[in-house]
Amino acid sequence: MARSLKFNIFRYNPQDPESTPHMESFVLEETDSMTLFIVLNRIREEQDPSLQFDFCCRAGICGSCGMVVNGRPSLACHTKTKDLPEEITLLPLPVFQLVGDLSVDTGSWFRELYDTVESWIHTKKAFDPTAKEERMENEVAEAIYELDRCVECGCCVAACGTARLRPDFLGAAGLNRVGRFLIDPRDERTEQDYYQIIGNDMGIFGCMGLLACEDVCPKHMPLQDQLGFLRKKMGITALKSFFTK
Amino acid sequence: MQTIYTDVLVIGAGLAGERAAIEAAQAGFSAICLSLVPARRSHSSAAMGGMQAALGNCDKGAGDCPDVHFADTVKGSDWGCDQEVARLFADNAPIEMRQLAHWGVPWNRVVPGKSMYFKGGKQFEKEEKEENRGLITARDFGGTAKWRTCYVSDGTGHSVLFTVDNVCAQLGVEVHDKTEAVALIQDGQTCFGAVARCLRTGELRVYLARATTIATGGFGRIYPCTTNAVICDGGGHIPAINTGVVPMGNMEAVQFHPTGIVPTDILVTEGCRGDGGTLLDVNEERFMNIYEPEKQELASRDVVSRWMTHHIRQGKGVKSPYGEHLWLDIRHLGEKHITGKLREVYEICTSFLGVDPIHQLIPVRPTHHYSMGGVRTNKDGAAYGLKGLFSVGEAACWDMHGFNRLGGNSLAETVVAGGIVGKKIAEFLQGAEVTFNSAVIDAEVKKQHERIGNIISCKAGTENVYKVKKAMQDALHKGANIFRSEAGLTECVATLQETLERARKVGLKSNGKGVNPELSAALKIEGQVKMGLMVAYGALMRTESRGSHNREDFTARNDRDWLKRTLAYWKSDADTLPTLNYEAATNIFHIPPGDRGYGKSEIIKADDVKTTDKG
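All residue numbers here refer to positions counted from 1 along the written sequence of the relevant chain. Note on labels: chains are lettered from A, ligands numbered from 1, in written order. It should be noted that, the model being predicted, local features are given only for residues of pLDDT at least 70 and side-chain atom pairs only at 80 or more, the latter also being counted only at that level, while totals for whole chains, interfaces and linings use all residues. Water and hydrogen atoms play no part in the side-chain values, which are based on all heavy atoms of the structure.

*Asks:* Run through the overall build of chain B, naming residues and quoting values.
*Replies:* The way it works is that DSSP assigns letters per residue, a run of H or I at least four long becomes a helix, a run of E at least two long becomes a strand, and they are numbered from the N terminus. A count of helical and extended segments in chain B gives 15 helices and 24 strands. Radius of gyration: C-alpha atoms only; globule rule: 2.2 Å multiplied by the number of residues to the exponent 0.38. For 615 residues, the compact-globule estimate of 2.2 N^0.38 gives 25 Å, and chain B sits close to it at 23 Å. Projected onto its principal axes, the C-alpha coordinates of chain B cover approximately 70 × 55 × 50 Å. With 615 residues in all, chain B has 66% of them scored as buried. Contacts spanning at least 24 positions in sequence make up 72% of the contacts within chain B whose residues lie at least 6 apart. For every residue, the accessible area (1.4 Å probe, protein chains only) is compared with the maximum for its type, and the residue is labelled buried under 20%, exposed over 50%, or partly exposed between those bounds. The contact definition used throughout considers only heavy atoms, calling two residues in contact when any of these lie within 4.5 Å.

This is the structure in structure tokens:
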């Protein structure tokens, strides 16, 4: 006997003067292999075509569909209903600007981050199209990719105590981004350069160590290790510059 | 009304669009990319497998060069590609891989020493040379003579897209995400930019540009079962089609991927088979080794998909509530390989299917995957029909893929073509003076405001957009799939024509205020049905089988009559069918039409094809 599922969904359309923030309930019969991707599209197509939410790849790769599912920031596309109780509450991710209903603006938030941490390889070398590529040990490449896997869904930011208190906090995603360049031999920035970016409360010293970021990361990024590594590295950098002054 | 001016407007912010924008920015021009989603969520990110480029660094790639890559690409296309373009691509691909390495892509590298690999379920040994230590390595993909596919674990698209978007941020290429182009601004001669709808507020905006580039990827969502992301809905093609003067090339050339998972049609990468995975039937027995003794599971995608469908029709499919399927077996690759090099596959199976591929078989079926067709351009990426309009990537029919593209060639095309076309755009801008006519701009804005108003007020009718969409998708699934016939395609065209009438009567159920998703769907539906008609009618008229286009009533590849490309126009709004013209598939033959070496080899020969020595 299929379960009847009740979805309590946050509704608000900021572009409609008559709309006010409220919760609305929808009931659906559960089907095999049902995910929240299937649920939300069915509600939109069968019950309320104005319902706003974001999906793109629907395969856990692109990071579009972050939302709070029964209190926990998650990717909706790979959340299976069989793992949830009969009553399910869906809220938009906090911290990010609300677009409407379950849709938030992660794009602007991350774009600002790229500028803040200068999220690109800093090198004085010019590309030579006639030369062979510079060599790199495969292990180094794999270590970089391990940190490059972040899909910027925003779940870690939504679950972060500091991010809720300080709008300028870089969050685990931003700090991990810096860590990615720090271990990349092609990036010529020094530890001092990185210290200028994250050696403060907006960066690594703002982290309170609550580590919900690691708990909710849908890509299982090693955020706890990464934050610990950066804190140590930046702490040592601070001490070094203290003694060399 | 907000009006934004830029030198280059790129519609789409995936790999092709951003790569082209980088070239323009490096030449000193301003560039803005419009995107439905933040750039890094573009569908390029989902391409897991890799990019083909003849670097020849790894042991199994030894002796590779652009000539061999070119030959594989032409064979793969079933001689439907433009050989000049395929050559341009193969020659530039190695340089582009190195460019990406310079920008920060963590390509997997050659590790010297002996290691084991699987082919067709059997284990073999290879040895990488010390002298190649640390150079960019490659994996095996279908339809290639050498191991040529450069990769970053199984997140190649993701990693390259992040890198390219980083370079965009560095160079000041703006990305206006949550923005949807709804119409081109043009006077029948020249393109001046686009009218776009902001998906944060629902308001219209005008983008004026000296060069406009369509780079919105594929249009798989006109089919019900596709590996494509939900944003791959033809949103960039429709404004071009609606001009009446820009043709779509080879829309009937649609690729089906052998391994979409059942039921959600999420793609598992060809890397599974490249690394030694096998296909099994209901008796858990292999069959590709019987149909294709040489290439086996690694024949090109059209061939594997066709044999899978054939095998299911022979009663060898596995029955399930979601229809029949076959099995993909990667168990023998072992836990380390599956959770390492194929981690994304492991995650997809466990998260979306509840299947553990280390111990269990993966249910797969051929599903819509790639659109070889699109906005027809010349080799510079300039669209036919409008000055100042370009197109690049899957959205375009640049035409290096012809009637079937090889795995690893499309992701490579995005950046290689992006670089080439981007340079051509920059060259075009050096000499381009554009006079913007406010009457043309105002008329287009007024037209779009009226169109939106009419859909909201249900002026033409109250057809439900989602029902109309389903009718379109079902018609294409039924009639324009892997195997095609005159009867099936005729019925498909007729159904789509009825659907077109309904699409013109769509009205909203909701109020249409702000970022209304029903309105977004409604604005596209008529254009999508037109695209469906281009696919089905083009397929009906093409009385041969070539690459992914398979006619059960015309089984031979007919080089005598069909060594040509379809150009589909939608000349007038009131039309109910596209107007089809044809042009030569290629003006230069480096390789004359021949046998692919896999798949069937029934060919009606052309008498008068002359080979040109390669330049």
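*Asks:* Can you break down the sheet that holds strand β22 (residues 564–569) of chain B residue by residue, with the values?
*Replies:* Residues and elements named next belong to chain B. One requirement defines pairing of two strands: DSSP has to find at least two bridges between them. Ordered in space as β18-β16-β11-β22-β23, the five strands form an open sheet in which the pairing is mixed. Strands at the two margins of the open sheet, each flanked by one partner only, are β18 (396–397) and β23 (579–584). All axes are obtained by fitting lines to C-alpha atoms, using only the stretch in contact for helices, and the reported angles, taken between N-to-C directions, cover 0 to 180 degrees. Across the sheet, helix α15 (residues 517–541) lies against β11 (248–249), β22 and β23, angled at about 60° from β23, the strand it touches most.

*Asks:* Give me the lowdown on the sheet that holds strand β2 (residues 22–29) of chain A, citing residues and values where you can.
*Replies:* All names here are of chain A. Strand order in the open sheet made by the five strands is β2-β1-β5-β3-β4, with mixed pairing throughout. In the strand order of this sheet, the two ends are held by β2 and β4 (72–75), each with one partner. On average, adjacent strands in this sheet sit at an angle of 35° to one another, irrespective of strand direction. Examined bridge by bridge, strand β3 (residues 66–69) and strand β5 (residues 87–91) share two bridges and lie antiparallel to one another. Bridge assignment links V69 to a residue of β5, and that residue is L90. Along the sheet face, helix α1 (residues 36–46) touches β1 (4–11), β2, β3 and β5 and points at about 100° away from the line of β2.

*Asks:* Any details on the packing of helix α13 (residues 465–479) of chain B against α15 of chain B? Residues and values, ideally.
*Replies:* All names here are of chain B. The interhelical angle for the contact between α13 and α15, taken along N-to-C directions, is 25°, at an axis separation of 9 Å. The angle between the axes of α13 and α15 places the two elements in the roughly parallel class. As α13 runs across α15, the sense of the crossing is left-handed. Listed contacts from α15 to V465, Y466, V468, K469, M472 and L476 of α13 are P517, E518, A521, A522, I525, Q528, V529, G532 and V535. Split into classes, the residues belonging to the contact of α13 with α15 amount to 11 nonpolar, two polar and two charged. Orientation is classified from the angle alone, with under 35 degrees giving roughly parallel, over 145 giving roughly antiparallel, 65 to 115 giving roughly perpendicular, and any other angle giving oblique. Rotating anticlockwise by less than a right angle from the far helix to the near helix defines a left-handed crossing, while the corresponding clockwise rotation defines a right-handed one. When residues are sorted by character, Ala, Val, Leu, Ile, Met, Phe, Trp, Tyr, Cys and Pro go into the nonpolar class, Asp, Glu, Lys and Arg into the charged class, and all the rest, Gly among them, into the polar class.

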